[in-house]
Amino acid sequence: MKKTTKSFSRLKRDKFVFVILFGLSVFSLFAQKTTITGKITDEAGIPIPGANIVLKGTKTGAVTDFDGLYSINASPADVLVVTYIGYLKKEITVGSQKNINIQLQNDISKLDEVVVVGYGTQKRTDVTGAVARANIEAFKEAPNANVVQSLQGAVPGLNIGQVTSAGSTPSISIRGQVSLNGNQDVLIVLDGIQYNGSLSSINPNDIESIDVLKDVSSTAVYGAQAANGVILITTKGGKRNQKAKITVSSSYTTLQPTVDLRPMKRDEYIDYLNMQLYDFEFLAPDYTTPNPDYEGYFGNNSGVNYNPNLASPDDPLSFNDNDYDWWEEGTQNSFIRENLISAAGSSEKISYLISLGLTEQEGIIKNDNFSRKSIRVNLDADATDWWKIGIQTFGSFTKQDGDEPSLNRLGISSPLLVPYDENGDLIPTPSGTVELNPFLGSNTQDYERHDYFFANLYSEIQLPIKGLSYRLNFGNNYRIDKTYGSSIYGAGETGDAGKNVSFYKDYTIDNILKYARVFGKHDISATLLYGAIERKGESTNAYASGFDRLSLGYNDLSLGTIQEVGSSAFTETLNYQMARANYKFDNRYILTGTIRRDGFSGFAANQKTAYFPSGALGWIVSNESFMENADWLNNFKLRASYGTSGNQTSRYSSLARVGTRAAYVFGDGGTTAFGQELNSLENSDLRWEITTGLNVGADFSLFTSRLRGSVDVYRNITDDLLFSVRIPYLTGFSNIQTNVGKIKNSGVEVSLTGDIVRSDNFTWTATANFSTNKNEILELTGVDEDGDGVEDDLIQSGLFIGKSINAIYGYENDGIMQIGEENVVGGIRPGEYKIVDQNGDGEITQADDRTFLGKGDPDFRASLLNTFKYKNFSLSLFFNAIQGGSDSYIARNDNALFRNANTLYQNKISGTDWWSPQNPDGLNALYLGGGLNPGRYENRSFVRLQDVNLRYSFDKSLLESLSIDELSVFVSGKNLATWTDWRGWDPETGSGMSTGGRPVLQALSLGINLTF
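Only a predicted model underlies this, so the values are computations on that prediction, with no experimental measurement involved. (Residues numbered from 1 in each chain as written. Predicted model: local features only at pLDDT ≥ 70, side-chain atom pairs only at ≥ 80, totals over all residues. Heavy atoms only, no water.)

Trainee: For the overall build of the protein chain, give the residues involved together with the corresponding values.
Mentor: Secondary structure assignment for the protein chain yields nine helices and 46 strands. Within the protein chain, the proportion of its 1012 residues that are buried is 48%. Residue pairs in contact within the protein chain that sit at least 24 positions apart in sequence constitute 68% of those at least 6 positions apart. (Helix = DSSP H or I, 4+ residues; strand = E, 2+ residues; numbered from the N terminus. Buried < 20%, exposed > 50% of the residue type's maximum accessible area, 1.4 Å probe, protein only. Contact = heavy atoms within 4.5 Å.)

Here is the structure:
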C-alpha cells in the first residue's frame, strides 16, 4: 500500500515536470525574435513612406522608407500596430509570417484633420467657426474644366451654378445674398494670396484642397472683403521624403444638351402661323370647324400684314419651299480634351511639384471655343533648421477666339428663310426687317487671349523664442487681355474693326507673426498681421469704321474712314492689420478672438477705415469626465461665433465724377470741342457695408467614427447697404450713392457622412448635405412719402420690406381666356392670359392689381454622395437637388405677339403646348394679354444625377513588374438625368422655353491615370 502511494506521487511529479518543460519550450519558441519585413501601401497600392510600425505594448518600432518598406524584429506572439495620418489604424499578429504586406484604408474622419483658415491652419477639433473642406477627391475625374464645378452641391451653404459655355466660371455664392447693389463676389484666396483672376485660368489638377469659410467669425480675418464668404484654395506640392513621381492623366469628354429643345421646322411652323388666324381659318362660334373660304396665311382674307419674304415667288399666296434648320447650322458637336502631366518629389530638405496642362473645349454653339495651357512650379525648402523658403507660381494662357452666331436669332429665324443668296454671300436681313442674320455675328475676325501670371513667395523664420515664428508673403498677379475683332457687316455694313489691350497687376505683402505654445493644460496661439495690397489696371482701345476694303482687318485701322481712340487706368490700395488669439484649456474649452482694421482708397474721405471684430467659443463635450463611459461617442463639440465683416464699394462710387457731355462747334467752320460735366455727386460719408452674424453649430463623430457630421444654424444682418437713392432732380442729379437699409439672412446647414459598410474587400460610404437660406429686407430708405406711418417700399426696383430680395411682384395669372367666356376685364380676348382683378373694381391697374406671387429663392438644397469600393473597383454616384422657387426661371417670351405685329413670323420652340380653340387646355397663351403680360410661373424644383464615376485600378503585383506605381482607367458622367416638371432648358440656370437661353450640357468622359 505504501509502495503504491509512492509510485503515484512520483507519477504526479513527472507530469508536473513535463508541463513545466513543455511550457518553457513553447515560451522559448515564441520569445525568439526574428526579422519581419514587408511593405505598407494605401488602398490604391501606392507605397506610404513614413508610416509607423510599433510592437503593441512596447516602444519598439520602425518607420517605412521611400518605397513603403519596413523591417522590425518581432516574435510570433507580437502584434504589429501600423498607423499613418489620414488612415485607419491596423493591428496584425505576427505568427509564423516572415513577410507581412499591409494595406491601410483611408480614415475620412481624419483626412481633413488640419484645415486651412485665414492666414494659417488649425486642427479640425480646434475650429470654432463654420469651416468646411470640400471633398474634391470624389470629383477629381469629373469632366470639369473649371475647378469650382467640382464644388457644386458638395458643401452645404456653398451654391455653385451651372456652366453652359466653354471656359466660363459658374456663379458662386455662400449663404445667400447679403447686399443689394454692393459687391456680391465671393473672396478667392489662392495659396494665401487674394486672387482676382478668372478661376478658368487654374488647372483643377493642381489643387490639393479647398476650404470654405462661411460664418462671420471665420471670414472676419479678411475684414472688408469677406461679407460674401471666402474660398481658400491650396495647391499641391511634393511630400517630404518622397521619391520622385511622374503622373500622367488624359481624358476625352463628349457633351450634348440635357434637353433637346429645337425651333419648329417648316410644317409645324406654318401650322403655328395659321393658328394665329384661327378666327379666319375656322368658323364661329366655336372656331373648331374649318372655314372652306380660308385662303391661308397669304390669302387676301387673312387680315394680316404678312411678310412677303416668306411667300413663294411663283405663287404669292403660298409659302416658299424652304425648310432651313438655323439651329442645326449654328451648333456643333461639343467636347473637352484634357492632357496633364506633373512631377513631384522631395529630399530631406526640398520638395517640389512641376505640372503642365492642356485643356481644349468646344461648346455647343459654333465658335464657342476655349483652350488653356498652364504651367505650375511649387517649391519648398528648408534653408536651415530655422528658416523655410518657398514659392507657388503658375502661368496660364487661355484662348477664346471666335464669335458665336446670335443664339436668340438662331431660335427665332423662320425656317422659310435662308442665310445665303445665290452667290453664297450672307444676306444681312433675310426677313427684310430689322431682324439681322444670326450668322453676321459669327462671320467675323475675332482674336481673344488672356494671359495670367501668379507668384507667391514666402519666407518663414523660427525666432529664438520657442513657438514664435515670422512669415513674409509676397504675392503678385499679372494679367494681359487682348481682344481684337473686325466685321465687314459692322457699322451699317460699312465694316468696322478694333483692338482692345488691357493690363492688370497687383501685389500683396503680408507680414505674419505667429506664436503657439502648450503649457500643461493651456494651449495658446496667436497671429498678428500687417499687410497691404495695391491694384493697377490700364486699357487702350482703338476703333475704326467705314472701310473700302477690310482685308487687313484689325491690323490696319488707319484704312477706316472714322477712327476713334480711348484709354483708361485705375489704381486702388488697401491697408490692413489683424490680430487673432486662440486659447484651449484642458482640451475641452476653446476661445477664439479676432479683430481686423481695414483701409481702402476707394472709400469716402470721412470713412477710410473700419474695424471688424469677432469672437467664438467651443466646448469639446466628449472630453468631459462625465462622457468617459460613452464609448459610442468619439467626438462631440459645440461651438458658437459672433462677429462682423465688411463689403467694400467700387473704387470711385463716393466721388464726384466727370464725363463727356457733347461736341461743341465754336463759330462757323470752327473746330470741334468736347464739353465735360459732373455726372455724379460726391458722398464724403459713404461707408462700408457691415454684416454682423451669429452662428451656432455642432460637430460630432459616433460609433468608432462610422457616423460623422456637423450642424450649423446662422443669422446674418447686413446694415448700411450701398444703394443708389433717387433725389430731387432740381439738384441736377437723379441719384446719389449712399448707405441705406438692412437685410437679414438666416439658414440651417447639415452635413452627415457614414461608413455604411466596412470590410476588407468592400466599403460603402455615403455623405448627405442639406441647407436652407432665407433672406428678408428689414429696412430700405426710411422714407414715408405717402404719410401712412410705414416706410415705403421701392416698387420700381422690386424691393419690399418684409419680403425676399427676389420676391415676385406682378399680375396673377388666372388661366387663358376661352372661346365664349365672358370678358370680365376689358382688353382680354380668347387666347390671352387672364389677369386676376385683385381689388374687384372690374379694371386692371398697375397700382391696385399687382400682388406677391412667391419668390425666386429655393426652399432648400440637398445632395447625396455614395461611394462604393470593391477590390480594385470604385464607383461614386452624386445626386444634387434644389427644391422650391419660381419666377425668373422661365422666360416669358414664349408667347406669340399680336398677329398684326411685324414679328408674327418669328419662330418658336417645337412641341410647345399652345392654346387654340382645338386645344383649350394648352398651357401657353397664343397672344399677350392686352399689353400686360402676367407670365406663367413654374416651380424650379429638380433632382439631378449630377456626377457618376467608375474607376478600375490595376493590381499592384502586375504593375511592379512594369515599374509602375499606379495605373487606373475611368469612365465618368455629368448631368446624366434630371427629374423635374420644368419644360425649358434647365430649372437651375433659369432658361425657359425661349431659345435665347443656353442648354445645360450632359457629359460622358473616358480617361486614364498613370503614375511611375
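Trainee: Lay out the pattern of salt bridges with the relevant residues and their values.
Mentor: The full count for this structure, using the stated rule, is 41 salt bridges. Linking Glu 779 and Lys 742 is a salt bridge whose minimum nitrogen-to-oxygen distance equals 3.8 Å. Placement of Glu 779 in strand E37 (residues 762-779) and of Lys 742 in strand E36 (residues 735-758) is noted, with a sequence separation of 37 residues between them. Accessibility expressed as a relative area gives 35% for Glu 779, which makes it partly exposed. (Salt bridge = Lys/Arg side-chain N within 4 Å of Asp/Glu carboxyl O.)

Trainee: Just give me the short version of the environment of Phe 860, but keep the residues and values in it.
Mentor: On the secondary structure map, Phe 860 appears in strand E42 (residues 860-870). For the pair formed by Phe 860 and Asn 773, sequence separation is 87 residues and the distance between their alpha carbons is 7.1 Å. If we skip the residues at most four places from it in the chain, Phe 860 touches Phe 770, Ser 771, Thr 772, Ala 881, Ile 882 and Gln 883.

Trainee: I'd love a proper account of helix H4 (residues 266-275), names of residues and values included.
Mentor: In terms of burial, H4 is a largely internal element, seven of the ten residues being buried. The set of residues buried in H4 consists of Arg 266, Tyr 269, Ile 270, Tyr 272, Leu 273, Asn 274 and Met 275. Packing partners of the buried residues in H4 comprise helix H5 (278-281) and strand E18 (282-283).

Trainee: Before we move on, can you summarise the nonpolar core with the specific residues and values?
Mentor: Tyr 269, Leu 273, Tyr 278, Tyr 297, Leu 310, Phe 319 and Leu 926 are the most contacted members of the largest nonpolar core, which totals 44 residues. Only H4, helix H6 (326-330), helix H7 (407-412) and strand E46 (1001-1011) provide two or more residues apiece to this core. The element that contributes the greatest number of residues to this core is H4, accounting for five residues. With residues near it in sequence (within four places) discarded, Phe 319 still touches Arg 266, Ile 270, Leu 273, Asn 274, Tyr 297, Phe 298, Leu 310, Ala 311, Ser 312 and Leu 416. (Core = buried A, V, L, I, M, F, W, Y, C linked by side-chain atoms within 4.5 Å.)

Trainee: Talk me through the confidence of the model for the protein chain; I want residue IDs and the actual numbers.
Mentor: Summarising the model, the protein chain shows a mean pLDDT of 87, and 90% of its residues fall at 70 or more. Every residue in residues 15-30 is under pLDDT 50, and counting partners more than four places away or in other chains gives four contacts. (pLDDT = per-residue confidence, 0-100.)

Trainee: Before we move on, could you go through the sheet that holds strand E13 (residues 187-190) and cite the residues and values that matter?
Mentor: Taken in spatial order, the five strands make up an open sheet running E10-E15-E16-E13-E14, and their pairing is mixed. Here the strands that pair on one side only, and so sit at the sheet edges, are strand E10 (131-133) and strand E14 (193-194). Note: E13 against strand E16 (residues 230-235), four bridges, orientation parallel. By the bridge assignment for E16, Ile 188 is matched with Ile 231. (Pairing = 2+ DSSP bridges.)

Trainee: Before we move on, could you go through the sheet that holds strand E5 (residues 79-83) and cite the residues and values that matter?
Mentor: Strands sit in the order E3-E2-E5-E6 across an open sheet of four strands; the sheet is antiparallel. Each edge of the sheet is formed by a strand with only one pairing partner; in this case those strands are strand E3 (61-63) and strand E6 (90-93). The average angle at which neighbouring strand axes cross in this sheet is 20°, direction not considered. Sheet analysis places strand E2 (residues 52-55) next to E5, joined by four bridges and oriented antiparallel. Bridging across to E5, Val 54 finds its partner in Val 81. (Axes fitted to C-alpha atoms, helices over the stretch in contact; angles between N-to-C directions.)

Trainee: Account for unusual backbone geometry, naming residues and giving values.
Mentor: Cis geometry marks the peptide bond from Ala 284 to Pro 285, where omega comes out at 5°. In this model, Asn 587 sits at a positive phi of 55°, which is unusual for a non-glycine residue. Checked against the element boundaries, Asn 587 lands in the loop between strand E28 (562-585) and strand E29 (589-600). When its relative accessible area of 38% is taken as the criterion, Asn 587 is described as partly exposed. Even without being glycine, Ser 963 reaches a positive phi, approximately 60°. As for its placement among the helices and strands, Ser 963 is situated in the loop between helix H9 (956-960) and strand E45 (966-980). Ser 963 gets classed as exposed once you look at its relative accessible area, which sits at 60%.

Trainee: So what's going on with a nonpolar patch on the surface? Which residues, and what values?
Mentor: Side chains of Ile 246, Ile 341, Leu 356, Ile 375, Phe 397, Phe 453, Tyr 478, Phe 503 and Phe 1012 sit close together on the surface and give an oily, nonpolar patch of about 700 Å² of accessible area. Tracing the backbone through its elements, the reader meets Leu 356 in strand E21 (residues 350-362). Relative accessible area serves as the criterion here: at 42%, Leu 356 is assigned to the partly exposed category. (Patch = residues over 30% accessible without salt bridge, like charges linked within 9 Å, V, L, I, M, F, W, Y side chains within 5 Å. Areas by Shrake-Rupley, 256 points an atom, 1.4 Å probe, with all protein chains shown as cover.)

Trainee: With reference to specific residues and values, describe the packing of aromatic side chains.
Mentor: Ring pairs (aromatic) are described by centroid distance and by the angle formed between their planes. According to the stated counting rule, one finds 30 aromatic pairs in the structure shown. Taken together, a centroid distance of 5.0 Å and an interplanar angle of 75° make the contact between Tyr 324 and Trp 326 edge-to-face. Here Trp 326 falls in the buried class, since its relative accessible area comes to 3%. An angle of 15° between the planes, with centres 5.9 Å apart, marks the rings of Trp 326 and Phe 439 as stacked. Residue Trp 326 is located in helix H6, and its partner Phe 439 is located in the loop between H7 and strand E24 (445-462); the two are separated by 113 residues in the primary sequence. Of the residues examined, Phe 439 reaches a relative accessible area of 7% and is grouped as buried. (Phe/Tyr/Trp six-rings, centres within 6.5 Å; stacked < 30°, edge-to-face > 60°.)

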